[in-house]
Amino acid sequence: MAKGDSVMKVGSYSLIVFILALVGWAYFTVAFTYWGPVLAAGGSVGDVLLSLLVLLLLTFIVVVQLISYFRCVFTSPGIVPDTFGQGLDAYEGLVEDGSQENDLASQCIQRKRDGSLRYCTKCRVFKPDRTHHCEVLNKCVLKMDHFCPWMANTIGFFNYKYFVLFLFYSWVYTIFCPIAYSYPAILILTGSQSIAAPASNVTLPEMDFGLKMSSIICCGVALLFFLMLCYFGGFHFFLVFNNKTTIEQMEKRKGSAMFNLGKRKNFESVMGTKRLFWFLPTYRTVEGNGLTYVMRETLNRQTANGM
(Lines give C-alpha, C1' and ligand atoms only; values in the text may rest on other atoms or scores of the structure.)
Protein backbone atom coordinates (compact mmCIF):
# COMPACT_ATOMS: atom_id res chain seq x y z
CA MET A 1 0.00 0.00 0.00
CA ALA A 2 1.37 3.39 -0.97
CA LYS A 3 2.13 6.03 1.65
CA GLY A 4 -0.71 8.22 0.43
CA ASP A 5 -3.13 5.31 0.73
CA SER A 6 -1.98 4.66 4.30
CA VAL A 7 -2.64 8.29 5.19
CA MET A 8 -6.11 7.97 3.65
CA LYS A 9 -6.85 4.89 5.75
CA VAL A 10 -5.71 6.64 8.96
CA GLY A 11 -7.82 9.66 8.06
CA SER A 12 -10.78 7.36 7.45
CA TYR A 13 -10.50 5.93 10.97
CA SER A 14 -10.71 9.49 12.28
CA LEU A 15 -13.87 9.99 10.24
CA ILE A 16 -15.40 6.89 11.86
CA VAL A 17 -14.88 8.49 15.28
CA PHE A 18 -16.35 11.73 13.95
CA ILE A 19 -19.49 9.97 12.65
CA LEU A 20 -20.03 8.12 15.92
CA ALA A 21 -19.59 11.34 17.89
CA LEU A 22 -21.99 13.21 15.60
CA VAL A 23 -24.69 10.53 15.84
CA GLY A 24 -24.26 10.30 19.62
CA TRP A 25 -24.41 14.07 20.06
CA ALA A 26 -27.63 14.33 18.06
CA TYR A 27 -29.15 11.45 20.01
CA PHE A 28 -28.21 13.04 23.35
CA THR A 29 -29.57 16.42 22.28
CA VAL A 30 -32.96 15.03 21.27
CA ALA A 31 -33.32 12.37 23.95
CA PHE A 32 -31.90 13.96 27.08
CA THR A 33 -32.59 17.68 26.81
CA TYR A 34 -36.36 17.35 26.61
CA TRP A 35 -38.10 14.08 25.77
CA GLY A 36 -36.20 11.98 28.30
CA PRO A 37 -36.91 14.35 31.20
CA VAL A 38 -40.56 14.59 30.14
CA LEU A 39 -40.86 10.80 30.26
CA ALA A 40 -39.09 10.63 33.62
CA ALA A 41 -41.22 13.41 35.12
CA GLY A 42 -44.48 11.69 34.28
CA GLY A 43 -47.37 14.01 33.66
CA SER A 44 -50.38 13.26 31.54
CA VAL A 45 -50.80 9.95 29.74
CA GLY A 46 -50.61 11.74 26.39
CA ASP A 47 -47.27 13.37 27.22
CA VAL A 48 -45.79 10.09 28.46
CA LEU A 49 -46.95 8.14 25.40
CA LEU A 50 -45.71 10.84 23.01
CA SER A 51 -42.33 10.97 24.74
CA LEU A 52 -42.06 7.18 24.67
CA LEU A 53 -42.96 7.08 20.98
CA VAL A 54 -40.38 9.73 20.10
CA LEU A 55 -37.64 7.97 22.07
CA LEU A 56 -38.46 4.54 20.64
CA LEU A 57 -38.45 5.81 17.06
CA LEU A 58 -35.26 7.76 17.67
CA THR A 59 -33.54 4.71 19.15
CA PHE A 60 -34.72 2.42 16.34
CA ILE A 61 -33.39 4.80 13.67
CA VAL A 62 -30.01 5.13 15.40
CA VAL A 63 -29.63 1.39 16.02
CA VAL A 64 -30.43 0.42 12.42
CA GLN A 65 -28.27 3.25 11.14
CA LEU A 66 -25.25 2.13 13.19
CA ILE A 67 -25.73 -1.56 12.36
CA SER A 68 -25.77 -0.64 8.67
CA TYR A 69 -22.68 1.49 9.17
CA PHE A 70 -20.60 -1.11 10.98
CA ARG A 71 -21.66 -3.88 8.61
CA CYS A 72 -20.50 -1.71 5.74
CA VAL A 73 -17.21 -0.96 7.50
CA PHE A 74 -16.39 -4.54 8.47
CA THR A 75 -17.86 -6.45 5.50
CA SER A 76 -15.43 -7.20 2.69
CA PRO A 77 -16.62 -5.64 -0.56
CA GLY A 78 -15.67 -8.81 -2.39
CA ILE A 79 -12.21 -9.71 -3.68
CA VAL A 80 -11.44 -11.64 -6.86
CA PRO A 81 -10.21 -15.15 -5.97
CA ASP A 82 -6.57 -15.76 -6.85
CA THR A 83 -7.58 -18.83 -8.84
CA PHE A 84 -10.19 -17.03 -10.94
CA GLY A 85 -9.49 -17.66 -14.61
CA GLN A 86 -6.35 -19.73 -14.14
CA GLY A 87 -5.97 -22.17 -17.00
CA LEU A 88 -8.06 -20.06 -19.35
CA ASP A 89 -7.09 -18.98 -22.80
CA ALA A 90 -7.42 -15.19 -22.44
CA TYR A 91 -8.77 -14.82 -25.99
CA GLU A 92 -10.92 -17.86 -26.54
CA GLY A 93 -12.09 -18.41 -22.97
CA LEU A 94 -11.41 -22.14 -23.21
CA VAL A 95 -11.57 -24.03 -19.95
CA GLU A 96 -8.60 -26.35 -19.57
CA ASP A 97 -9.17 -27.81 -16.13
CA GLY A 98 -12.98 -27.68 -15.99
CA SER A 99 -13.06 -25.82 -12.67
CA GLN A 100 -16.14 -23.81 -11.72
CA GLU A 101 -14.19 -20.54 -11.43
CA ASN A 102 -12.71 -20.99 -14.90
CA ASP A 103 -16.16 -21.71 -16.26
CA LEU A 104 -17.37 -18.44 -14.73
CA ALA A 105 -14.40 -16.55 -16.14
CA SER A 106 -15.16 -17.83 -19.63
CA GLN A 107 -18.59 -16.16 -19.35
CA CYS A 108 -17.16 -12.65 -18.87
CA ILE A 109 -18.71 -10.13 -21.25
CA GLN A 110 -16.54 -7.08 -20.59
CA ARG A 111 -13.29 -7.60 -22.45
CA LYS A 112 -10.45 -5.67 -23.98
CA ARG A 113 -10.67 -4.25 -27.48
CA ASP A 114 -8.76 -7.23 -28.85
CA GLY A 115 -11.33 -9.59 -27.32
CA SER A 116 -9.15 -10.90 -24.51
CA LEU A 117 -10.24 -11.07 -20.87
CA ARG A 118 -9.39 -8.08 -18.74
CA TYR A 119 -6.32 -8.78 -16.63
CA CYS A 120 -4.95 -6.94 -13.58
CA THR A 121 -1.17 -6.82 -13.67
CA LYS A 122 -1.02 -5.80 -10.01
CA CYS A 123 -3.18 -8.59 -8.59
CA ARG A 124 -2.25 -10.98 -11.42
CA VAL A 125 -5.80 -12.21 -11.86
CA PHE A 126 -8.39 -12.02 -14.60
CA LYS A 127 -11.05 -9.44 -13.81
CA PRO A 128 -14.72 -10.48 -13.76
CA ASP A 129 -17.35 -8.15 -15.19
CA ARG A 130 -17.75 -4.86 -13.29
CA THR A 131 -14.54 -5.47 -11.33
CA HIS A 132 -11.96 -2.74 -10.80
CA HIS A 133 -8.67 -2.47 -8.98
CA CYS A 134 -8.82 -0.46 -5.74
CA GLU A 135 -5.60 1.42 -5.12
CA VAL A 136 -6.28 1.76 -1.39
CA LEU A 137 -6.97 -1.94 -0.74
CA ASN A 138 -4.53 -2.93 -3.49
CA LYS A 139 -7.05 -5.58 -4.51
CA CYS A 140 -9.46 -6.11 -7.38
CA VAL A 141 -12.95 -5.48 -5.96
CA LEU A 142 -16.11 -7.13 -7.28
CA LYS A 143 -18.61 -4.60 -8.64
CA MET A 144 -16.51 -1.82 -7.20
CA ASP A 145 -18.36 1.42 -6.59
CA HIS A 146 -15.79 3.60 -4.84
CA PHE A 147 -13.51 3.81 -1.83
CA CYS A 148 -15.41 5.60 0.92
CA PRO A 149 -13.21 7.40 3.50
CA TRP A 150 -16.24 7.70 5.82
CA MET A 151 -16.33 3.89 5.95
CA ALA A 152 -12.58 3.25 5.83
CA ASN A 153 -13.53 0.61 3.30
CA THR A 154 -14.18 0.11 -0.38
CA ILE A 155 -17.81 -0.21 -1.41
CA GLY A 156 -18.43 -3.24 -3.58
CA PHE A 157 -20.71 -6.18 -4.28
CA PHE A 158 -21.02 -7.55 -0.74
CA ASN A 159 -21.38 -4.33 1.29
CA TYR A 160 -23.18 -1.97 -1.10
CA LYS A 161 -26.59 -2.72 0.44
CA TYR A 162 -25.30 -1.70 3.89
CA PHE A 163 -23.88 1.49 2.40
CA VAL A 164 -27.22 2.40 0.81
CA LEU A 165 -29.09 1.61 4.05
CA PHE A 166 -26.71 3.80 6.03
CA LEU A 167 -27.35 6.69 3.66
CA PHE A 168 -31.11 6.11 3.88
CA TYR A 169 -31.31 5.97 7.67
CA SER A 170 -28.92 8.91 8.02
CA TRP A 171 -31.29 10.88 5.80
CA VAL A 172 -34.26 9.80 7.95
CA TYR A 173 -32.26 10.77 11.06
CA THR A 174 -31.65 14.29 9.75
CA ILE A 175 -35.41 14.67 9.22
CA PHE A 176 -36.51 13.12 12.49
CA CYS A 177 -34.17 15.06 14.80
CA PRO A 178 -35.41 18.57 13.90
CA ILE A 179 -39.04 17.38 13.93
CA ALA A 180 -38.60 15.75 17.35
CA TYR A 181 -37.02 18.92 18.67
CA SER A 182 -39.40 21.40 17.08
CA TYR A 183 -41.63 21.77 20.17
CA PRO A 184 -38.85 22.23 22.75
CA ALA A 185 -37.03 24.52 20.27
CA ILE A 186 -40.10 26.78 20.20
CA LEU A 187 -40.05 26.86 24.01
CA ILE A 188 -36.39 27.86 23.96
CA LEU A 189 -36.78 30.59 21.36
CA THR A 190 -39.87 32.05 23.04
CA GLY A 191 -38.33 31.85 26.51
CA SER A 192 -41.18 29.69 27.81
CA GLN A 193 -40.59 27.33 30.69
CA SER A 194 -40.14 23.70 29.70
CA ILE A 195 -42.99 21.74 31.25
CA ALA A 196 -44.42 18.32 30.61
CA ALA A 197 -47.97 19.57 30.19
CA PRO A 198 -49.94 22.51 31.60
CA ALA A 199 -52.41 20.17 33.24
CA SER A 200 -49.80 18.03 34.96
CA ASN A 201 -48.19 20.81 37.01
CA VAL A 202 -44.85 19.04 36.53
CA THR A 203 -42.04 21.51 35.99
CA LEU A 204 -38.80 20.31 34.41
CA PRO A 205 -35.43 21.90 35.17
CA GLU A 206 -34.65 24.72 32.82
CA MET A 207 -31.93 24.00 30.30
CA ASP A 208 -28.73 25.96 30.70
CA PHE A 209 -27.25 28.07 27.94
CA GLY A 210 -24.99 25.25 26.72
CA LEU A 211 -27.87 22.85 26.18
CA LYS A 212 -29.91 25.51 24.46
CA MET A 213 -27.08 26.29 22.04
CA SER A 214 -26.41 22.58 21.51
CA SER A 215 -30.05 22.07 20.59
CA ILE A 216 -30.13 24.93 18.11
CA ILE A 217 -26.79 23.93 16.53
CA CYS A 218 -28.02 20.33 16.30
CA CYS A 219 -30.99 21.42 14.21
CA GLY A 220 -28.72 23.47 11.95
CA VAL A 221 -26.26 20.60 11.45
CA ALA A 222 -29.14 18.21 10.76
CA LEU A 223 -30.45 20.55 8.07
CA LEU A 224 -26.99 20.78 6.48
CA PHE A 225 -26.57 17.00 6.37
CA PHE A 226 -30.15 16.63 5.13
CA LEU A 227 -29.33 18.72 2.07
CA MET A 228 -26.08 16.81 1.48
CA LEU A 229 -27.79 13.43 1.78
CA CYS A 230 -30.61 14.49 -0.53
CA TYR A 231 -27.99 14.83 -3.26
CA PHE A 232 -25.62 11.99 -2.33
CA GLY A 233 -28.30 9.54 -1.26
CA GLY A 234 -30.44 10.44 -4.24
CA PHE A 235 -27.49 9.77 -6.54
CA HIS A 236 -26.96 6.28 -5.11
CA PHE A 237 -30.63 5.40 -5.27
CA PHE A 238 -30.48 6.49 -8.90
CA LEU A 239 -27.61 4.03 -9.35
CA VAL A 240 -29.56 1.28 -7.57
CA PHE A 241 -32.63 1.68 -9.77
CA ASN A 242 -30.47 1.73 -12.90
CA ASN A 243 -28.14 -1.10 -11.81
CA LYS A 244 -24.99 0.97 -12.15
CA THR A 245 -21.95 1.70 -10.04
CA THR A 246 -20.40 5.11 -9.51
CA ILE A 247 -17.49 4.10 -11.75
CA GLU A 248 -19.82 2.97 -14.54
CA GLN A 249 -21.87 6.16 -14.27
CA MET A 250 -18.82 8.45 -14.30
CA GLU A 251 -17.03 6.61 -17.07
CA LYS A 252 -20.26 6.03 -18.98
CA ARG A 253 -18.78 2.69 -19.91
CA LYS A 254 -20.13 1.32 -23.16
CA GLY A 255 -22.24 -1.75 -22.56
CA SER A 256 -23.04 -1.01 -18.90
CA ALA A 257 -26.72 -0.75 -19.88
CA MET A 258 -26.69 -4.51 -20.45
CA PHE A 259 -27.04 -4.93 -16.67
CA ASN A 260 -30.21 -2.82 -16.52
CA LEU A 261 -32.95 -5.35 -15.76
CA GLY A 262 -35.76 -2.88 -15.03
CA LYS A 263 -36.39 -0.84 -11.90
CA ARG A 264 -37.77 -3.69 -9.77
CA LYS A 265 -35.08 -6.22 -10.71
CA ASN A 266 -32.37 -3.60 -10.36
CA PHE A 267 -33.56 -2.75 -6.85
CA GLU A 268 -33.71 -6.42 -5.87
CA SER A 269 -30.20 -7.01 -7.18
CA VAL A 270 -28.95 -4.76 -4.37
CA MET A 271 -31.58 -4.97 -1.63
CA GLY A 272 -32.60 -8.62 -2.10
CA THR A 273 -35.75 -10.38 -3.20
CA LYS A 274 -37.33 -10.64 0.26
CA ARG A 275 -39.36 -7.50 0.89
CA LEU A 276 -39.29 -7.93 4.66
CA PHE A 277 -35.51 -7.46 4.66
CA TRP A 278 -35.18 -4.74 2.05
CA PHE A 279 -34.52 -2.02 4.63
CA LEU A 280 -32.99 -4.17 7.35
CA PRO A 281 -29.23 -4.78 7.63
CA THR A 282 -29.73 -8.08 9.50
CA TYR A 283 -28.12 -10.20 6.80
CA ARG A 284 -27.40 -10.06 3.13
CA THR A 285 -30.28 -11.33 1.00
CA VAL A 286 -28.80 -10.63 -2.42
CA GLU A 287 -28.31 -13.58 -4.71
CA GLY A 288 -25.13 -14.14 -6.69
CA ASN A 289 -21.40 -14.23 -6.08
CA GLY A 290 -20.25 -11.02 -7.74
CA LEU A 291 -18.36 -12.92 -10.45
CA THR A 292 -21.17 -13.09 -13.02
CA TYR A 293 -24.35 -11.07 -13.55
CA VAL A 294 -27.70 -11.53 -15.20
CA MET A 295 -27.82 -9.67 -18.49
CA ARG A 296 -30.85 -7.83 -19.84
CA GLU A 297 -30.86 -9.97 -22.99
CA THR A 298 -30.82 -13.15 -20.90
CA LEU A 299 -33.73 -11.92 -18.77
CA ASN A 300 -35.70 -10.97 -21.88
CA ARG A 301 -35.19 -14.43 -23.35
CA GLN A 302 -36.29 -16.09 -20.10
CA THR A 303 -39.40 -13.89 -19.99
CA ALA A 304 -40.24 -14.65 -23.60
CA ASN A 305 -39.90 -18.40 -22.92
CA GLY A 306 -42.18 -18.11 -19.89
CA MET A 307 -39.48 -18.97 -17.36
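So, a few notes on the structure that sits alongside this text. Small disclaimer: the values here were computed from a predicted structure and weren't measured. (Residues numbered from 1 in each chain as written. Predicted model: local features only at pLDDT ≥ 70, side-chain atom pairs only at ≥ 80, totals over all residues. Heavy atoms only, no water.)

Brief notes about the environment of Val 240
Mapped onto the elements of the fold, Val 240 is located in helix α6 (residues 209–242). Take Val 240: its relative accessible area is 2%, and that puts it in the buried class. The spatial distance from the C-alpha of Val 240 to the C-alpha of Met 271 is 8.9 Å, given a sequence separation of 31 residues. Excluding anything up to four places from it in sequence, Val 240 contacts Tyr 160, Val 164, Asn 266, Phe 267 and Val 270. (Helix = DSSP H or I, 4+ residues; strand = E, 2+ residues; numbered from the N terminus. Buried < 20%, exposed > 50% of the residue type's maximum accessible area, 1.4 Å probe, protein only. Contact = heavy atoms within 4.5 Å.)

Remarks on the pattern of salt bridges
Counted by the stated rule, this structure contains three salt bridges. When the shortest N-O distance is used, the salt bridge between Glu 248 and Arg 130 registers 2.9 Å. In this pair, Glu 248 is assigned in helix α7 (residues 246–251) and Arg 130 in the loop between β2 (125–126) and β3 (132–134), connecting sequence segments 118 residues apart. Comparing Glu 248 with Arg 130, the two get one shared label, buried. The salt bridge partner of Glu 268 is Arg 264, with a shortest N-O separation of 2.8 Å. Here Arg 264 and Glu 268 lie together in helix α8 (residues 263–271), a separation of four residues that amounts to about one turn. (Salt bridge = Lys/Arg side-chain N within 4 Å of Asp/Glu carboxyl O.)

As for the packing of aromatic side chains
Under the counting rule described, the total for this entry stands at 20 aromatic pairs. Relative to Phe 126, the ring of Tyr 119 lies with its centre 5.3 Å away and its plane at 70°, an arrangement referred to as edge-to-face. Here Phe 126 falls in the buried class, since its relative accessible area comes to 14%. Among the aromatic side chains, those forming a connected cluster through ring pairs are Phe 168, Tyr 169, Trp 171, Phe 226, Phe 237, Phe 241, Phe 267, Trp 278 and Phe 279. Between the NZ or CZ atom of Arg 130 and the centre of the ring of Phe 259, over which it lies, the distance is 4.3 Å. A cation over a ring is seen here: Arg 130 above Tyr 293, with NZ or CZ 5.2 Å from the ring centre. (Phe/Tyr/Trp six-rings, centres within 6.5 Å; stacked < 30°, edge-to-face > 60°. Lys NZ or Arg CZ within 6 Å of the ring centre and 35° of its normal.)

Brief notes about the state of the cysteines
Tallied over the full model, the rule gives zero disulfides. Lacking any disulfide linkage, Cys 120 is separated from the closest cysteine sulfur, that of Cys 140, by 3.4 Å. Owing to a relative accessible area of 5%, Cys 120 belongs among the buried residues under this scheme. (Disulfide = S-S within 2.5 Å.)

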